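# Understanding the architecture of this molecule
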Amino acid sequence: MSFILPLDRVEPRDRERVGGKGHALARMAGHGFPVPDALLVTVDAYRHYLRHTGIGEAVALEINRKIADEMRWEEMWDAALRIRNLFLRTPLPWGLRDELARAIEARFRGAAVVVRSSAPGEDSAKASFAGLHESFVNVRGTESILDRIRLVWASLWSDAALLYRKELGLDVATSTMAVVVQEIVAGDRSGVAFSVSPEDPSRSVIEAVHGLNQGLVDGTVEPDRWVIDRGRGRILSHRPATREKALFAADSGVDARPLPAAIAGTPPLEAEEVLRVFRTVMDAEQFFGSPQDMEWTIRSGSLYILQARPVTAGGSDGDKRAWYLTLRRSFENLKALRQEVEAKWIPAMVSDADALAGTDPAALSDQDLAAEIGRRQSLLDKWHDIYYARFIPLAHGIRLFGQVYNDALRPADPYEFMDLLGGTEMISLERNRLLARMAGRIRNNPLLAVSLRRGSLAGVDPAFDADFETFSRTFGNLGCGTDRCFSGQDALLGLLLRMAEAPPARERFDAGAIEGRREAFLKSFEGDARQRAAEILDLGRASYRLRDNDNIHLGKIEGALLAAVDEGKRRLARQRGAAASALSAEDTARALRDPDWRPQEGVRQPEGKGPAPGLRARQLRGQPAGPGVARGPARVIAGPEDLLEIRAGEILVCDAIDPNMTFAVPLAAGIVERRGGMLIHGAIIAREYGIPCVTGVPGAAELIRTGDRVSVDGWLGIVTIEASPSL
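Quick look at the structure, then.

Rules used throughout
- Residues numbered from 1 in each chain as written.
- Predicted model: local features only at pLDDT ≥ 70, side-chain atom pairs only at ≥ 80, totals over all residues.
- Heavy atoms only, no water.
- Core = buried A, V, L, I, M, F, W, Y, C linked by side-chain atoms within 4.5 Å.
- Buried < 20%, exposed > 50% of the residue type's maximum accessible area, 1.4 Å probe, protein only.
- Helix = DSSP H or I, 4+ residues; strand = E, 2+ residues; numbered from the N terminus.
- Contact = heavy atoms within 4.5 Å.
- Pairing = 2+ DSSP bridges.
- Axes fitted to C-alpha atoms, helices over the stretch in contact; angles between N-to-C directions.

### A closer look at the nonpolar core
Counting residues in hydrophobic clusters, the biggest one holds 108 residues, and the most contacted among them are Phe 417, Phe 464 and Phe 521. With 15 residues, helix α21 (residues 528–576) is the largest single contributor of residues to this core. Discounting residues that sit within four places of it in the chain, Phe 417 has contacts with Trp 77, Leu 81, Ile 398, Phe 401, Gly 402, Tyr 405 and Asn 406. In this structure, Phe 87, Leu 100, Phe 136 and Val 181 belong to the second largest nonpolar core, which totals 47 residues.

### Some details on the environment of Arg 239
Within the secondary structure layout, Arg 239 lies in strand β9 (residues 234–239). Put simply, Arg 239 and Arg 65 are 174 residues apart on the chain and 48 Å apart in space, counted from C-alpha to C-alpha. Apart from residues lying up to four places away in sequence, Arg 239 is in contact with Pro 223, Asp 224 and Arg 225.

### Points about the sheet that holds strand β7 (residues 203–210)
A sheet is described by the order of its strands in space; here six strands give the open sequence β9-β8-β7-β6-β12-β13, paired in antiparallel fashion. Strand pairing shows two members of the sheet lacking a second neighbour, β9 and β13 (302–310), which therefore form its edges. Looking at each pair of strands side by side, their axes are set apart by 20° on average, direction ignored. Summarising the sheet, strand β6 (residues 189–194) and strand β12 (residues 292–299) pair through six bridges and their orientation is antiparallel. Looking at the pairing, Gly 191 lines up with Trp 296 of β12. On the sheet, helix α11 (residues 271–288) packs against β6, β7, β8 (224–229), β9, β12 and β13 and is oriented at approximately 135° with respect to β12.

### Points about the side chain of Ser 175
Tracing the chain through its elements places Ser 175 in the loop between α8 (165–168) and β5 (178–183). The residues contacting Ser 175, other than those within four sequence positions of it, are Tyr 46, Leu 156, Trp 157, Gly 169 and Leu 170.

### Brief notes about the pairing of β8
Counting buried residues in β8 gives six out of six residues, a clear majority hidden from the surface. Here five bridges tie β8 to β9, and the two strands are oriented antiparallel to one another. Each bridged residue has a counterpart across the sheet, and for Trp 226 the counterpart in β9 is His 238. Between β8 and β9, which pair antiparallel one after the other, the connecting turn spans four residues, and Gly 233 there sits at a positive phi close to 65°.

Keep in mind these numbers describe shape, not what the thing actually does.
The following block contains the structure:
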């Protein structure tokens, strides 16, 4: 049994051992196609690694924490992160390492390579699953190549692969991964070619960029595009790109560099070169007997095929997984997105929210209020679309930084990198600090506390009054963006009085500690790599901050809609003497416009969220999202009114904590959420205060009752119901 094979030793029976990509490269090389030299690490090496390190059991534990269909994208990312760290920290068994190192050293000593995935089920005629697994470009040195082989193995369990878990048939006992270690061909022009266009079977498509192919594949560089008549071999159209930059091999990895004006003004391919690539991909189609999707490059006039796979159909229109895959972006892409979000979208969102706040729904006629509800709903829908297209992808700047940090430092805790992201200027923290300051003044002034309990606000402490006014002007009502805004000062005063009864909550991070961690991280890099690492850290911190802030702004727009709808419902209740609480925004506006319109009978009332009767599981498993252990009585948040009842030291249990609800987090001893992931808002704010947090607990708000004694293990992701209040 060999753990590694050269291309010329691969036989037809080896397809399952070297994977689809490796087998296709070996066949093309044997037939005389211009394929770079390569070594193929067989699936036997992967199996040997799992068997002799025990890592397979740990992977099984991670992917079985939760039913796959119930996992959100944040949870899949977290699971993949933990698995990747397992592979990073687990060295190769000595015998396996020795055989791979000897072969790599003999074939590629000192030379740069590309390390690619080659799963047995990958690149078949039925499905290519392109982009689910990792590849590494421009890797030099035997130890670095061995590292990347382990990371390609880990990508068998990447978040994208977990997304397609059913189609891939992912199973720890049977799933395997082979690896292609290929000589790098640092082309001056590169691209992809489809022998059959996915959009028109009578045509072929060729896309090309200057420099390396990676810029095209990860979306960093826009390609020129040619459409070719398959039958006649004639170019039908050419769509030029805006050629500003290209990716080139650096000392390690790749760099994006601006193109000189002369090259930027020139298409990557001449017409004859387009037809040369076309003829090559058609030859590949004839050789394999099916349409091919081929990656190629040209170096000093010579054409090379880097890989080829069958052209397969895409997912259905309703398949949201394609959207998820667009979240996987390069550093260059995320940098441009950050600039766009900070310079364009955030100011526009703030402007819209401020404009809405300037219109009092109570001052409008019924007809004008109906129109205002429609306008606010349309505005909210627009911002939801922008949120998914722009803001959520930017959150992956955190993911990119985490990967770079873990690759460099290989910490035992895969979430150690989060300690460098805390302490950013989030609006939630700014709001909570102002609340804490007011609570502190109440705590230290018994006369003020007595006055507030009697409902008298002004006169006792002018500084408190000024803070109260600032808070109301800056942040408005508590909880806008939840089911309701908590209107009036009573809700805010009640919260402040409860906060004053508890010791002050302390934020976990301070600037000095973060700077120390930053320096320790950057010491892992030298030269240009250090500057790039600093930029990736800066991107991660900006992504972390915006992950919270953009939701605060979005919550204000949603709160403005809810305020208008609430005003409409109050009027309808007065005019018709009937409850209108179950009406949607659309129906509320319609009822205001048309006094004769009545909602259909049987409008479903919101279902109460109560604990299910009967036996309950004692131990619940979720995702570890905030380190530490806490115990206390549970406070289940089934509605907005429950949020105002939380007492210091309780375990906050809910379906999901909206950013506009995080004012209650400093009072909690622990947090349990049904929605999962390290990047959800409850987890982010919990880490800022050092509060243990477990997310991704299915049915948390139904399985746990208010008053239950609960323990929260934020290290292991386990919640234990220790006793009910009646016991």
